[in-house]
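Structural characterization, general
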Amino acid sequence: MARSAGRAPGKLAERFVAARLSATALPSFPGALPADLATAYRVQDAAIAMWPDEVIGWKVGRVPPEHEGPLKAARLFGPTFNRALHLVKRGDLTDIPVFVGGFAAIEAEYVVRIGTDAPADKLDWTVDEAKGLVGAMHIGMEPASSPFPDINVIGPLAVVSDFGNNAGLLVGAEIADWAERPLEELRCETLIEGEVKGQGGAFILPGGPLTSLRLLAENVARRGRPLKAGQYVCTGAAAGIIDIQAGQTGAVRFEGYGEIRCRAVPAQAS
């Protein structure tokens with residue numbers, strides 16, 4: 001079990017970045033667990049500064065209900081990097097690196113492409129204002145992977161500290177009519193080796209994708225990283241967080257819009 005304390009964010013960030021770059025599993029949390037979300041985001045910001053790539057977007061995850069009250073948050077956030085972004089076509093089978101000995105899963109995601117820069121000084125957002133940032137919505141898959149196998153067991157403070165447990169983003173076909181359809185009609189499922197392991201849709205997270213986008217816009221603005229046109233945002237696991245192992249194939253299917261397929265491969269040192 002991770003210890004709870006408040007050591008320098010930079011040290012914890014260094015350990016996570018080193019483990020990711022060397023593709024080395026971490027058998028235990030590599031330091032003291034941040035005392036609160038503000039500290040966990042300082043760890044994340046320090047790690048972003050160390051990572052040898054540019055941020056091309058963000059992932060949004062749900063804070064489990066039992067943590068919402070103590071943390072005073074409903075969503076958590078992490079960066080997606082340019083070299084881990086894949087724009088996929090129908091029929092593609094995309095290799096996704098996963099940390100052997102760590103945590104690995106795939107998630108069906110409704111992905112927003114940001115169409116306009118958010119004002120740098122705007123710190124508070126409504127859902128309608130967030131909707132105005134949307135350039136397009138796509139089907140997508142988030143490969144979630146961390147060198148630390150118990151990242152989700154420890155909870156949101158650990159997840160935020162390690163890039164939000166993100167390992168990339170696969171973006172597929174556009175959902176052209178998303179704004180006209182009720183959330184309940186946007187349905188999807190996740191499969192491993194051809195077997196359905198999770199079902200859901202855009203309605204799974206309270207408030208849906210636009211609430212995720214609103215909360216993200218506020219979070220990154222307060223961190224001096226306002227949303228930019230051309231960035232991609234995966235708005236939250238819509239059909240569960242489904243474990244995958246190196247060597248397995250997975251897919252996410254979106255009713256009426258297509259599917260995205262992947263093959264998990266062992267992460268390599270970079």
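Here the structure is shown first, and the text comes after it.
Our subject in this report is the structure included herewith.

The rules behind these values
- Residues numbered from 1 in each chain as written.
- Predicted model: local features only at pLDDT ≥ 70, side-chain atom pairs only at ≥ 80, totals over all residues.
- Heavy atoms only, no water.
- Helix = DSSP H or I, 4+ residues; strand = E, 2+ residues; numbered from the N terminus.
- Expected span 1.5 Å × (residues − 1).
- Buried < 20%, exposed > 50% of the residue type's maximum accessible area, 1.4 Å probe, protein only.
- Contact = heavy atoms within 4.5 Å.
- Axes fitted to C-alpha atoms, helices over the stretch in contact; angles between N-to-C directions.
- Parallel < 35°, antiparallel > 145°, perpendicular 65-115°, else oblique.
- Left-handed = near helix turned anticlockwise from the far one by under 90°.
- Pairing = 2+ DSSP bridges.
- Phe/Tyr/Trp six-rings, centres within 6.5 Å; stacked < 30°, edge-to-face > 60°.
- Lys NZ or Arg CZ within 6 Å of the ring centre and 35° of its normal.

Over its 14 residues, helix α2 (residues 37–50) extends 20 Å from the first C-alpha to the last, a length consistent with the 20 Å expected when each residue adds 1.5 Å. The element α2 is largely enclosed, with a buried count of ten among its 14 residues. Looking at the buried side of α2, the elements it contacts are α1 (9–22), β3 (55–62), α3 (65–71), β4 (75–81), α6 (156–161) and α7 (208–222).

Let us now look at the side chain of R223. In this structure, R223 sits in the loop between α7 and β12 (232–234). Among the residues examined, R223 registers a relative accessible area of 15% and is labelled buried. With residues near it in sequence (within four places) discarded, R223 still touches Y41, Q44, D45, I48 and W58.

Closest axis-to-axis distance for the α1/α2 pair is 8 Å, and the angle between their directions is 55 degrees. Classified by the angle their axes make, α1 and α2 are oblique. Considering only the axes of α1 and α2, their crossing is right-handed. Two secondary-structure elements touch here, α1 through P9, G10, L12, A13, E14 and V17 and α2 through T39, R42, V43, A46, A47 and M50.

Quick look at the sheet that holds strand β6 (residues 93–98) now. Pairing is mixed across the open sheet formed by five strands, whose spatial order is β6-β15-β14-β10-β11. Each edge of the sheet is formed by a strand with only one pairing partner; in this case those strands are β6 and β11 (195–201). Averaged over all neighbouring strand pairs, the angle between strand axes comes to 25 degrees, with direction disregarded. One ladder, built from six bridges, connects strand β10 (residues 187–192) with β11; its direction is antiparallel. Among the inter-strand pairings, E189 is bridged to a residue of β11, identified as Q199.

Following the criterion strictly, the structure yields seven aromatic pairs and no others. Consider the rings of W51 and F81, whose centres lie 5.8 Å apart with planes at 35 degrees: the pair is tilted. Of this pair, W51 sits in the loop between α2 and β3 while F81 sits in strand β4; the two residues are 30 residues apart in sequence, bridging distant segments of the chain. The pair formed by W51 and F81 is uniform in burial state, with each residue classed as buried. The interplanar angle of 85 degrees and the centroid separation of 5.5 Å between the aromatic rings of W51 and F163 together place this pair among those described as edge-to-face. Here the residue W51 occupies a position in the loop between α2 and β3, and F163 occupies one in the loop between α6 and β9 (169–174), the gap between them amounting to 112 residues. For the pair W51 and F163, a shared accessibility class is recorded, and that class is buried. Counting every residue linked through ring pairs, the aromatic cluster contains F16, F29 and F148. The ring of W125 has K122 sitting right over it, with the charged end atom 4.9 Å from the ring centre.

A separate point is the pairing of strand β15 (residues 258–266). Across a regular strand the side chains alternate sides, sitting on one face of the sheet and then on the other. Bridge analysis of β6 against β15 gives six bridges, and the strand direction is parallel. Bridging across to β15, V98 finds its partner in P266. The sheet contact formed by strand β14 (residues 249–254) and β15 spans six bridges and is antiparallel. Bridge pairing links F254 to G258 in β15. Hairpin geometry of β14 and β15 is characterised by an intervening segment of three residues between the two adjacent antiparallel strands and by a positive phi of about 85 degrees at G256.

We note that A23 has phi near 55 degrees; this positive angle belongs to a residue other than glycine. Among the secondary structure elements, A23 is positioned in the loop between α1 and β2 (32–33). Phi is positive for F163, which is not a glycine, with a value near 55 degrees.

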